Structures are given as C-alpha cells and as structure tokens.
There are 4 protein chains.
Amino acid sequence: MNDPKFKFPDKASYKFVTDYFSSKGVEADDIASITYNIQRSYIPDLTLEEVQKAVIDVLHKREVLNNAMVGIVLDQFAADHQLPEPLQSIIEKDSGVFGVDELLAEGGISGIYGKIATTNFGYLDKEKHGILKKLDTTTDGSVNTFLDDIIAAVAAAAGAKIAHAHA
Amino acid sequence: MNDPKFKFPDKASYKFVTDYFSSKGVEADDIASITYNIQRSYIPDLTLEEVQKAVIDVLHKREVLNNAMVGIVLDQFAADHQLPEPLQSIIEKDSGVFGVDELLAEGGISGIYGKIATTNFGYLDKEKHGILKKLDTTTDGSVNTFLDDIIAAVAAAAGAKIAHAHA
Amino acid sequence: MNDPKFKFPDKASYKFVTDYFSSKGVEADDIASITYNIQRSYIPDLTLEEVQKAVIDVLHKREVLNNAMVGIVLDQFAADHQLPEPLQSIIEKDSGVFGVDELLAEGGISGIYGKIATTNFGYLDKEKHGILKKLDTTTDGSVNTFLDDIIAAVAAAAGAKIAHAHA
Amino acid sequence: MNDPKFKFPDKASYKFVTDYFSSKGVEADDIASITYNIQRSYIPDLTLEEVQKAVIDVLHKREVLNNAMVGIVLDQFAADHQLPEPLQSIIEKDSGVFGVDELLAEGGISGIYGKIATTNFGYLDKEKHGILKKLDTTTDGSVNTFLDDIIAAVAAAAGAKIAHAHA
Ligand SMILES: [Ca+2]
Ligand SMILES: [Ca+2]
Ligand SMILES: [Ca+2]
Ligand SMILES: [Ca+2]
C-alpha cells in the first residue's frame, strides 16, 4: 500500500546509478562524448562543456533515475543467476524481441525529453557509439542488457535538451 | 551479448504470469469483469464471452508477457526484501512518483493496443474497480506495486481491442 | 527540406494557443481548477496559486504548444468542412477509435511530464471535469475533438509537476 | 460530439493513404525495400515476399491509417500555404524541434508494434535509406515534413513484425 509520508530518496538514487555506471567503466564524460558526436554536426559552436552539463542535468531527473535503477537491478540479478525462468534466460541472452530494456530506456528516460530524444535513442541503439559498443561486446560474463539502453537513452535525452536550447 | 539462436520461451512466460496471477487470487475472468464494466455502456450487445476471449488474447501477446514478468519479479523481490536501497523502499512503499510500474503497464502492455487502451488504463489506475481495489488495499505484507498496474493494463488493452472490433 | 537557420517562434505559438483557448471560453484558471481538483486530496496544503503557476509553466513548453497547435488547426479545419474525406467525417463525428486526438494529448503533452501525467490524463479523459464536460457536450456546431484532450493533457501535466514537487 | 452510430471508414482511409503515397512516388514495395535492408542481416533466410506482406498488413491497421492521414493532410495544407502562422512556417521549414511529425510516426504507427519498432524508427529517421533519402531532399517546393516519418514508421513497424515472427 502507498505510504503518503514517504520522502523520495533522490540523492540515494543518483549515487546508486552513478556508482554502478562507474563500476562498469562508464563516467558522465563518456556519455557526453556520445551526445557531442550526434549533435555537433547540427550545432557548429557546440562545446563539450555544454554537453557535459546537459548529461549531468538528465542524470538528476527523478524519472530517469527510477528507470535506470530498475534496469540496473535486473542486469545485476541476471548476472547473479537469481531471476526465475524464463526471465533469467531472456535477459541473460539479451533477446532482441524482449523489448523491456528499450521501454525503460526510451519510454522512461529519453521519452520525457520529447520525440527528438526518442529518435536519437533509436539511432544510438542501433549504431553503437563509443562506450556503447564496448558494453555490447563484453565477453566477461557480465550482463548489460539494460545498461547499454540506459546509457544510450541518457545520451539521447541530453542531445534533445541541447537541440531545444539552440532552436 | 545477444544470442541469435535463442528461441523465445512464450509458453513458459504465459505460465509464469498466469500462475502468479492465480497465486494472488486473480483469474482471467476477474480481469474480464473489469473490461466488461468499462465497455458495456458503449456496446450494448457486448457479451462476457467476447470479453473473456479478448483478455486471453492479450495475455498471449509476447510484449505483454515480457513486461508483466518484469513487474512481477520486482514485486516478488520487494516482498522478500531482496532489492538494494533505495529501490527496496521505493517499491515497498508504492511511492506515487515512482512511475516505472505505470510505464511497464501503460507503455509495455496497454500502449501496444493504441491510445484508447492508454486512456482506459489511466482511468482504471485511478478508479480501482473489482479485483484492483482488493489488490490495492491488501494489508498482508505482500507487495502489489506492479501487479495492480499490470492487471489494469491488461483489462484496458482488452477493452481497446473490443472497441476497435465494434467500430 | 529542413532550414537550419529557422528561429523557433515560441512566443507566437503561445499566443496562438491561448487565444484559441480564450475564444472557446477556456482560460488558464479553468485548467488550474481541474488540476486542483485531482491533486488536492493527495496534497492537503496545496494552493490554487501553485496550481496556476504550474499550468502556466506547462503552457510555455515548446512541445506542448506544438502539439496543441496541430490539434487546434485540425478542429478548425473540421469545423469549416475543409478536410478531405474520410478524415473530415472521422474528426467531425469525434469517433472513439480515431486515437490521434489522444496521441497528441497524451504522447505530445502529458507524456513529457512522465507516467503520472499519462495516468492523470486517462482519468480526466473519461471523467470529464469542469470545463471539459462543457466542451464535450457543446451543440453549437463547433468541433472540439482535439481541444478537450489538449485541455485534459495540460491539466494532467500540471498535476504531475505538482506531485513531483511535493514528493 | 461523439456519434456512436458512425461506421469507421477503414477502406476509404487505406485508399486515401496509398493514393497519396503513389502520388509522391512511394509504393508499398519501396517501403518493403527499406524494411528488407534493416532486417536481412538478422534473418538470413528472409524473403522479399514476406516483407512485402508485412508492409501491406501494417498499412491496413486502423491506427496506422489514422495517423498517416493526419500527417498527410498537414503536409498538403502546408504545401498550399493554408495553415495559420506560426504553424505554416514551422511545418514548411521542417524544423528539427517540432516533434509532432515524429510523434504521429513513432507514437501512432511504429509504437503499436512494440519497442523494436520504435528503435527501428529512430534509426531510419536519422539514416535515411532508399526512398526516404529522396523525400528528404526534394527541392520541388513540396512539403514532406510528415511523409518521411510516416514512411519510416511503416517500414520500422513491418520490421518489428518480422522480427517477432522469427524469434
Ligand atoms: Ca539491450
Ligand atoms: Ca502501482
Ligand atoms: Ca477527443
Ligand atoms: Ca519529418
């Protein structure tokens, strides 16, 4: 049941998400590099600093953190073989028709930055840039089924934020 | 990494989801009752049988099952106090600004049946009908943060299916 | 073709939308009343002033204005019998399975305020409150197929903004 | 006001949409080529026939047609300079931060085929393939602000349909 007195733990959420990113070798600047690459052809005077600021802003949004946390926890349980079947196999094998990873990322993260962000996300999700390529091809037994989409969605959202600011 | 040879386990997913529903006292007919109640004023000759068939159809859709499974697993881990903080508290307290439960339900279940389904879902999510009211007010220590939205979304999707068939 | 030098006319958009609302007898305060009614049971110390500010904020968001303008123009062309068939009849008759009115409203307006807003929208769209009821039942030959959803979506978005601020 | 006796004109909608596509030099087979190109690397034994059938199926879905019709009508009014300002300029210049074209396409067309379709759409929208490239660069004074996204969304939806059938 809903507890109306519960104070939302935004700071703890931010720490949880960014600590996990770091543990996977992903820093805010890696995400900013992706965003910079997709936006600089549209905005010639774009600076890396502006992009870094946009990424940090996106990473402080409550709905972004909520969806990122859920995806991270599912990756972790899958890596530890703790999910019930058939979900364990579906997430472990990163099945292309699962779709929940893309939903949390697109619907829960980039989607709240509007439709440019959704389009950016779709592009990044197929054309893995920078750190995304590395995450997608790790062979160390870790599970990044949700993580790659979360990172792509944060980069996509930051890109949309910048596009709107320059329009 | 993605394994292209993985065969998607749709039957096991269906069994996982409907077994969990049953364990919570929710049968397909309970969902059909909700759908029947929201659609019968628009379609005077609507039969309960047609509604039941629509609910069963929705429950066989792969994307519906995938999203339902993820929500169920999160409710289960929260009930067993196995989630890391702050996610454990957020889901256990069913915070109204979490939003991931509504995303899996609306975006992942009702949304693929079009915008009538989204509207139906929003209505049902606020005006808890039938079994939904019961789930929302259990005080037995179980966690139904995701379950109530999943049930509402399946009922909403079945309603949209019927509305389109009668248009 | 895209013209990269085009400056986005946000002020003209705001004027276009709010002038149209006024011409239909809808002021920002009417929207705020709807929002106030759906949020005050959750937030006992909510003031009408805070709600009015949230509505005004939502009405200044570019993506909100873009979607509102498109819906308004379609209502206007339908009222003037200028749309080609079968779209003219579909919009004029406000068919329940059209869905584009709910898409612009939910996907384009409330959706960018997260999933609470989507749920609020679905509820308001069925349970017409205040000015929404009036718009839905006008018999003066005007077409409000898109307008009622746009107003509901703005009210829903403002409600979500307030819920997040108080969480 | 809603007229409950209105019979939905699906056949007329299909004819309206496909006639417009033809007038712009876009046939179902051109869309199928795009879909074939994005799916064949995942499904080695994919035939062009299967893809053509999927495109035709998508083009018969009511919600797809509704959204396509609205986008087409807006392109037509913009080409004829009949939209009120500032919407006329925004659509005529195909502003990158408008977003309503991507919403109708992603939310209203590809979105109802699940999240794979959304991802496909985002990719196609950036990497214009085949007929999409041609539409995006016409200099004959016609407006294709909505059309390119509609075509991309239909191709993306057909791709998702095929991916699910082969999983
Ligand atoms: Ca993934
Ligand atoms: Ca819930
Ligand atoms: Ca309407
Ligand atoms: Ca476009």
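Residues numbered from 1 in each chain as written. Chains lettered and ligands numbered in written order. Predicted model: local features only at pLDDT ≥ 70, side-chain atom pairs only at ≥ 80, totals over all residues. Heavy atoms only, no water.

Visitor: Which parts of the structure should I look at to understand the coordination of the calcium ion (ligand 1)?
Guide: By definition of the ideal shapes, four donors in a tetrahedron about a metal sit 109.5 degrees apart, and six donors in an octahedron sit 90 or 180 degrees apart. Residues and elements named next belong to chain A. Looking at the metal site, the calcium ion (ligand 1) is ligated by Asp-101 (OD), Thr-145 (O), Asp-148 (OD) and Asp-149 (OD), spaced 2.2 to 3.0 Å from it. All donors of the calcium ion (ligand 1) come from a single chain, and their spacing in sequence reads D-x43-T-x2-D-D. Taken together, the residues span a long stretch of sequence, with Asp-101 in helix H6 (residues 100-110) and Thr-145 in the loop between helix H8 (131-136) and helix H9 (147-165) at a distance of 44 residues. Just as Asp-101 is buried, Thr-145 falls in that class too. (Donors = N, O, S within 2.8 Å, 3.2 Å for Na, K, Ca; no water. Helix = DSSP H or I, 4+ residues; strand = E, 2+ residues; numbered from the N terminus. Buried < 20%, exposed > 50% of the residue type's maximum accessible area, 1.4 Å probe, protein only.)

Visitor: Please explain the interface of chain A and chain D as it appears in this structure.
Guide: Interfaces are often sized by the amount of accessible area the parts lose when they come together. Contacts between chain A and chain D engage 21 residues on the former and 21 residues on the latter. Roughly 1800 Å² of surface becomes buried between chain A and chain D when both sides are summed, with 70% attributable to carbon and sulfur atoms. The three residues of chain A that bury the most area against chain D are Val97(A), Lys115(A) and Lys126(A), which together make up 34% of that side's buried surface. Applying the counting rule to chain A against chain D returns two salt bridges. The closest approach of N and O atoms between Glu106(A) and Lys115(D), which form a salt bridge, is 2.5 Å. Of all the secondary structure elements, the ones that give two or more residues to the side of chain A that touches chain D are H6, helix H7 (115-126) and H9 of chain A. If one sorts the elements of the side of chain A that touches chain D by residue count, H7(A) sits on top with 10 residues. (Contact = heavy atoms within 4.5 Å. Buried area = accessible area lost by both parts, 1.4 Å probe. Salt bridge = Lys/Arg side-chain N within 4 Å of Asp/Glu carboxyl O.)

Visitor: I keep staring at the relation of the copies chain B and chain A and nothing clicks. Help me out?
Guide: Between the two copies of the chain lies a rotation about an axis combined with a shift along it. Once chain B is rotated about the relating axis by 180 degrees and shifted along it by 0.0 Å, it coincides with chain A to within an RMSD of 0.0 Å. Taken together, the rotation and translation describe the operation of a two-fold axis. No C-alpha of chain B lies nearer the rotation axis than that of Gly107(B), which sits 3.5 Å from it. (Least-squares fit on C-alpha atoms with pLDDT ≥ 70 in both.)

Visitor: What is the right way to look at the interface of chain B and chain A in this model?
Guide: In this complex, chain B contributes 43 residues to the contact, which on the side of chain A involves 43 residues. Between chain B and chain A lies a buried interface of about 3400 Å² when both sides are counted; carbon and sulfur atoms form 75% of it. Counting every contact that joins chain B to chain A gives four residue pairs in polar contact (both at pLDDT 80 or more). The set of elements that each furnish at least two residues to the side of chain B that touches chain A consists of helix H1 (10-23), helix H4 (62-79), helix H5 (87-92) and helix H6 (100-107) of chain B. Top contributing element to the side of chain B that touches chain A by residue count: H4(B), with nine residues. The class makeup of the residues in the side of chain B that touches chain A is 21 nonpolar, 14 polar and eight charged. (Polar contact = N/O pair within 3.5 Å; in protein donor to acceptor, adjacent residues only side chain to side chain. Nonpolar A, V, L, I, M, F, W, Y, C, P; charged D, E, K, R; others polar.)

Visitor: For this particular structure, what's the right way to read the coordination of the calcium ion (ligand 2)?
Guide: Residue and element names in this part refer to chain B. All of the protein donors around the calcium ion (ligand 2) are Asp-101 (OD), Thr-145 (O), Asp-148 (OD) and Asp-149 (OD); their distances to the metal are 2.2 to 2.9 Å. Ordering the donors of the calcium ion (ligand 2) by residue number gives the pattern D-x43-T-x2-D-D. Within this pair, whereas Asp-101 is found in helix H6, its partner Asp-148 is found in helix H9 (residues 147-165), the two being separated by 47 residues in sequence. The pair Asp-101 / Asp-148 is uniform in exposure class, with both members buried.

Visitor: I tried to follow the relation of the copies chain A and chain D on my own but got confused; where do I start?
Guide: You can overlay chain A on chain D at an RMSD of 0.0 Å; the transform is a turn of 180 degrees with a shift of 0.0 Å along its axis. Taken as a fraction of all interface residues of chain A, those also at the interface in chain D reach 100%, which identifies the copy contact as same-surface.

Visitor: I keep staring at the packing of H7(A) against H9(A) and nothing clicks. Help me out?
Guide: Geometrically, a packed helix pair is captured by the angle between its two axes and the distance between the axes. All names here are of chain A. Between H7 and H9, the least distance of the axes is 8 Å, while the angle of their chain directions is 140 degrees. Between H7 and H9, the angle is such that the two are oblique. You can see that H7 and H9 cross each other, and the crossing is right-handed. On the side of H7, the interface is formed by Ile-116, Ala-117, Asn-120, Phe-121, Leu-124 and Asp-125, while H9 contributes Asp-149, Ala-152, Ala-153, Ala-155, Ala-156, Ala-157, Gly-159, Ala-160, Ala-163 and His-164. Here the residues of the contact of H7 with H9 are counted per class, giving 11 nonpolar, three polar and two charged. (Axes fitted to C-alpha atoms, helices over the stretch in contact; angles between N-to-C directions. Parallel < 35°, antiparallel > 145°, perpendicular 65-115°, else oblique. Left-handed = near helix turned anticlockwise from the far one by under 90°.)

Visitor: Would you explain helix H9 (residues 147-165) of chain C in this entry?
Guide: Helical periodicity: at 3.6 residues per turn, an α-helix aligns residues three or four positions apart in one direction. With 19 residues, H9(C) extends 27 Å from end C-alpha to end C-alpha; this agrees with the ideal 27 Å at 1.5 Å per step. The buried fraction of H9(C) is high, at 17 of 19 residues. (Expected span 1.5 Å × (residues − 1).)

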